[in-house]
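Fold and geometry: a report
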Amino acid sequence: CPPGNGQTVTSFRLRYVQLGGDMDAAAITDIPATTDQFQEYTVADLLPGTPYYAEISASNPAGDSPWTASSSETGEDKGQPTRTAPMTPVAPLAVACSGRTAYSLMLQWSEPHHRGAPVTGYELRWERSPYEKNATPELVASSPVIAVDCGTLQNRKVVQQMLDSLEPGDRVAAQVRASNSVGWSEWSDLPEEAIIQSTFTVD
């Protein structure tokens, strides 16, 4: 704890904002003081991969100290806000169909939130079955997996991938997951409406 100017420090006040936020409007957290020379406090529920500034004030029976200068990184990054660690991306939304022929499907999905590290690629897994009324393909571990490299995409906000070599009337179930420098997201959901059928041309 810092010197209390003749009286014991009893607590601290902490406030923090994201980069660009208004520190004077930030909520204040009261933290009881300990007898440790260095005191730590973990701030929970922050956004991953996001820069924050923090300030702290000490309190004793005489009142509150001025706020410290905003916390920042040290070393080469001194003066910059402290950034939380990134996480794997959010799972993409369900795969949809943006075009079809009797022998191919154009699959499409939206880029998910990266959670602090840019999305670098996708994996698409799919399963098919010949056309049968009310039949639902089931994805299994051996489903074909297609790697989709973000570097080859013109617009990563909406991603498209062609599935070809299908047969007329094939029903396809597909899921996608995204990766960044941290790792892979969960696979996208597979609701019933995600079952996609190629053009049925057989009489």
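The coordinates are above.
Heads up: these notes are all about the structure in this document. Throughout, a residue's number is its position along its own chain's written sequence, starting from 1. Totals for whole chains, interfaces and linings use all residues, but because this is a predicted model, local features are given only for residues with pLDDT of at least 70 and pairs of side-chain atoms are given and counted only at 80 or more. To obtain the side-chain values, all non-hydrogen atoms of the structure were used and water was disregarded.

Details of the overall build of the protein
As a reminder of what qualifies: Labels follow the DSSP assignment, with helices taken as runs of H or I lasting at least four residues and strands as runs of E lasting at least two, numbered in each case from the N terminus. Any residue under 20% of the maximum accessible area for its type is buried, any over 50% is exposed, and the rest in between are partly exposed; the area is computed with a 1.4 Å probe on protein chains only. Should any heavy atoms of two residues lie within 4.5 Å, those residues are counted as being in contact.
Helix and strand counts for the protein stand at zero helices and 12 strands. Listed N to C, the secondary structure of the protein is β-β-β-β-β-β-β-β-β-β-β-β in terms of helices and strands. When burial is assessed residue by residue, the protein has 35% of its 203 residues classed as buried. Summarising the internal contacts of the protein: among those between residues at least 6 apart in sequence, 68% fall at separations of at least 24.

Observations regarding the layout of surface pockets
The method is simple in principle: a probe with the dimensions of a water molecule rolls over the atoms, and the space it marks as empty is what remains. Let me state the cut-off plainly: The way it works is a 1 Å grid over only the protein atoms, where trapped points that fit a 1.4 Å probe form a cavity and open points with protein on both sides within 12 Å along at least five of seven lines form a pocket, and then any residue with an atom within 4 Å of a point lines it. Grid points are joined across faces, edges and corners, and a volume is the space filled by probe spheres set on the points.
Approximately 550 Å³ is the volume attributed to the largest pocket. Lining of the largest pocket is provided by 24 residues; of these, Leu14, Tyr41, Ala54, Ile56 and Ser71 occupy positions nearest its centre. Those elements that provide at least two residues to the lining of the largest pocket are strand E1 (11–18), strand E3 (51–60) and strand E5 (82–83). When residues of the lining of the largest pocket are assigned to their parent elements, the largest contribution, five residues, is made by E3.

So, the nonpolar core
Rules: The definition of a nonpolar core used throughout is a set of buried Ala, Val, Leu, Ile, Met, Phe, Trp, Tyr and Cys residues joined through side-chain atoms within 4.5 Å.
Val95, Leu107, Trp109, Tyr122 and Leu124 are the most contacted members of the largest nonpolar core, which has 17 residues in total. Contributing elements (two or more residues each) for this core: strand E7 (105–110), strand E8 (121–129), strand E10 (158–163) and strand E11 (171–179). In terms of residue count, the dominant contributor to this core is E11 (four residues).

Some points on the pattern of salt bridges
Put simply, the rule reads: Note on definitions: salt bridges are taken to be side-chain nitrogens of Lys or Arg within 4 Å of carboxyl oxygens of Asp or Glu.
If you walk through the whole model with that rule in mind, you get four salt bridges. A salt bridge links aspartate 24 to arginine 15; the shortest N-O distance between them is 3.7 Å. You can call aspartate 24 exposed: its relative accessible area is 65%. Each of Arg15, Asp24 and Glu55 takes part in a single network of salt bridges with overlapping partners.

Thoughts on the side chain of serine 188
Mapped onto the elements, serine 188 comes out in the loop between E11 and strand E12 (196–197). Sequence-distant contacts of serine 188, defined by excluding residues within four places in its chain, comprise Pro92, Leu93, Ala94, Val95, Gln175 and Val176.

As for the pairing of E1
Here is the rule we go by: Pairing between strands is defined by DSSP: at least two bridges between them are needed.
The sheet contact formed by E1 and strand E2 (residues 29–32) spans four bridges and is antiparallel. Note on E2: the bridge partner recorded for leucine 14 is threonine 29. Here E1 runs beside E3; their pairing, made up of eight bridges, is antiparallel. Along E3, the bridge assignment pairs serine 11 with serine 59.

Examining unusual backbone geometry
A negative phi angle characterises most non-glycine residues, just as the trans form characterises most peptide bonds. The backbone of aspartate 45 shows a phi angle near 65°, a positive value even though the residue is not glycine. In this fold, aspartate 45 is placed in the loop between E2 and E3. The phi angle at arginine 115 is positive, at roughly 55°, despite the residue not being glycine. Considering the arrangement of structural elements, one finds arginine 115 in the loop between E7 and E8.

Overview of the sheet that holds strand E9 (residues 145–149)
Spatially, the four strands line up as an open sheet ordered E9-E8-E11-E12, and their pairing is antiparallel. In the strand order of this sheet, the two ends are held by E9 and E12, each with one partner. As judged from the nine bridges shared by E8 and E11, these two strands associate in the antiparallel manner. Bridge assignment links leucine 124 to a residue of E11, and that residue is valine 176.

Examining the sheet that holds strand E6 (residues 96–100)
We count it as follows: With axes taken as lines fitted to C-alpha atoms, and helix axes fitted only over the stretch in contact, angles between N-to-C directions fall between 0 and 180 degrees.
Here we have three strands laid out as an open sheet, ordered E6-E7-E10, and antiparallel in their pairing. Strand pairing shows two members of the sheet lacking a second neighbour, E6 and E10, which therefore form its edges. When the angles between neighbouring strand axes are averaged without regard to direction, this sheet yields 30°.

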